[in-house]
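Analysis of the macromolecular model
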Amino acid sequence: MNHGLPGAGAPHEPDVPPYQAVLAETDWDSLQTAFGSGEDLPGVLTRLLEPDPKVQVSALSELGELVGHQNTIYEATAPVAMYVAGILTHPAAMTLRPYRNVPIRAALLNWLVSTAYDASDEIVGRTGQYFPGFLTPGTVVAAFRDLRPMLYRAVAPFLRDSHEDVREAAVIAALILAEHPALAVHRDRLAVHARAVLDTSSDGPNRRVARKALEAWGHDAPGPEPLREEFWDWGPHSDGRGDLEPPF
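For the structure given in this document, a descriptive report is provided here.

About the criteria used
- Residues numbered from 1 in each chain as written.
- Predicted model: local features only at pLDDT ≥ 70, side-chain atom pairs only at ≥ 80, totals over all residues.
- Heavy atoms only, no water.
- Helix = DSSP H or I, 4+ residues; strand = E, 2+ residues; numbered from the N terminus.
- Buried < 20%, exposed > 50% of the residue type's maximum accessible area, 1.4 Å probe, protein only.
- Contact = heavy atoms within 4.5 Å.
- Areas by Shrake-Rupley, 256 points an atom, 1.4 Å probe, with all protein chains shown as cover.
- Expected span 1.5 Å × (residues − 1).
- Arc of directions from axis to C-beta.
- Core = buried A, V, L, I, M, F, W, Y, C linked by side-chain atoms within 4.5 Å.
- Axes fitted to C-alpha atoms, helices over the stretch in contact; angles between N-to-C directions.
- Parallel < 35°, antiparallel > 145°, perpendicular 65-115°, else oblique.
- Left-handed = near helix turned anticlockwise from the far one by under 90°.
- Nonpolar A, V, L, I, M, F, W, Y, C, P; charged D, E, K, R; others polar.
- Salt bridge = Lys/Arg side-chain N within 4 Å of Asp/Glu carboxyl O.

So, on to the overall build of the chain. Along the chain, the regular secondary structure elements total eleven helices and two strands. Going from the N terminus to the C terminus, the chain shows its helices and strands as α-β-β-α-α-α-α-α-α-α-α-α-α. Within the span of the chain, comprising 248 residues, buried residues form 50% of the whole. Considering only contacts in the chain between residues 6 or more positions apart, those separated by 24 or more positions represent 68%. If you sum the accessible surface of the chain, you get close to 11200 Å²; carbon and sulfur atoms cover 53% of it.

Below, the discussion takes up helix α10 (residues 187–200). Its 14 residues give α10 an end-to-end C-alpha distance of 20 Å, which sits within 8% of 20 Å, the value for a rise of 1.5 Å per residue. Within α10, the full set of buried residues consists of R187, L190, A191, H193, A194, V197 and L198. Take α10 and look down its axis: the buried residues cluster within an arc of 170°, on one side only. Turned more than 90 degrees off the buried face of α10, the exposed positions are D188, V192, D199 and T200. Contact partners of the buried residues in α10: α8 (148–155), α9 (164–177) and α11 (204–216).

This paragraph deals with the nonpolar core. Counting residues in each nonpolar core, the largest one holds 74 residues, and the members touching the most others are L48, L63, V80, L108, W111, V155 and L175. Ignoring any residue separated from it by four or fewer positions in sequence, one finds L175 in contact with L190, A194, V209, A210, A213 and W217.

Here the focus is the packing of α8 against α9. Two elements in contact, α8 and α9, have axes whose closest approach is 9 Å; the angle formed by their N-to-C orientations is 160°. As far as their axial angle goes, α9 and α8 are roughly antiparallel. Crossing hand, α8 versus α9: left-handed. Counting all contacts with α8, which are made through R148, L151, Y152 and V155, the residues of α9 involved are A170, A173, A174 and L177. Here the contact of α8 with α9 is composed, by residue class, of seven nonpolar, no polar and one charged.

Our focus in this paragraph is the pattern of salt bridges. Per the stated rule, a full pass over the model turns up six salt bridges. In this structure, D15 engages R153 in a salt bridge whose closest nitrogen and oxygen atoms are separated by 2.5 Å. Of the two residues, D15 sits in the segment before α1 (19–25) while R153 sits in helix α8, which places them 138 residues apart along the sequence. Of the charged contacts, one joins E62 and R47 as a salt bridge, the two residues approaching to 2.8 Å between their closest N and O atoms. Taken as a pair, E62 in helix α3 (residues 53–68) and R47 in helix α2 (residues 41–47) lie far apart in primary sequence, 15 residues in all. E62 sits in the partly exposed class, given a relative accessible area of 31%. Using a relative accessible area of 31% as the deciding quantity, one classes R47 as partly exposed. When salt bridges with common partners are traced through the structure, they connect D121, R145 and R148 into a single cluster.

We now examine the environment of P222. Topologically, P222 is positioned in the segment after α11. On the basis of relative accessibility, which here comes to 44%, the residue P222 falls in the partly exposed class. For the pair P222 and L198, spaced 24 residues apart in the sequence, the C-alpha separation amounts to 8.3 Å. Among residues more than four places away in sequence, those in contact with P222 are L198 and R211.

Time to look at the packing of α10 against α11. Following both chains from N to C, one finds α10 and α11 inclined at 140°, their axes separated by 9 Å at the closest point. Here α10 is positioned oblique relative to α11, judged by the angle of their axes. In this structure, α10 crosses over α11, and the sense of that crossing is left-handed. Taken together, the residues of α11 that come into contact with α10 (itself represented by A191, A194, R195, V197, L198 and D199) are N206, R207, A210, R211 and L214. When the residues that make up the contact of α10 with α11 are grouped by side-chain class, the tally is six nonpolar, one polar and four charged.

Further remarks concern unusual backbone geometry. Although it is not a glycine, Q70 sits at a positive phi angle of roughly 55°. Within the secondary structure, Q70 sits in the loop between α3 and α4 (77–86).

Right under this line is the structure:
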């Protein structure tokens, strides 16, 4: 398996903390989720490393509800995202899902895609029209957006992964995260990957992200496809293909 991408990780971005440190050093009880405090999150996060893929995917779906309910960024979303990013290289991420023969790593990356999109320029721009001060420094969403360079560094090694699902999920995550100004240096390289998605992918939401990134960065992009469903209408923390739903 080839994870390498020369220059993609760059020394410009900080490393994600070890997942063990995130789990042990975060005061989960004090953090807000969609349904109260984050006291249950350590148990859910630990299940992501179980050898049973059904347990792993169920845990990831549960995280989507706890820290991504109604496509919202909560206080606990940031440390959960750091944990998920931190286990991308863990052996458990290579567990194959029954019936699909796809590594769990693809589902982890797709979870990061959905979470990053909830804090993307498009979403926060629309929300900010109705909630002035939405991105004031120190707010929950602003703090999460500050993590984008760190999350990008964790995602970038999989841009050339040998598995198509992993590779495409990594590209889409990187395209969304690269909206951060500090990641502008990577955009020309990412444009190559965006074009590859448009050339090979049949996934509508992913194609939309790739096309919009090319347009936003001043690159030529194919004409727009017929609009069927907006990306955010696919549901929180789903890639439109039932990635977090049975059959596992």
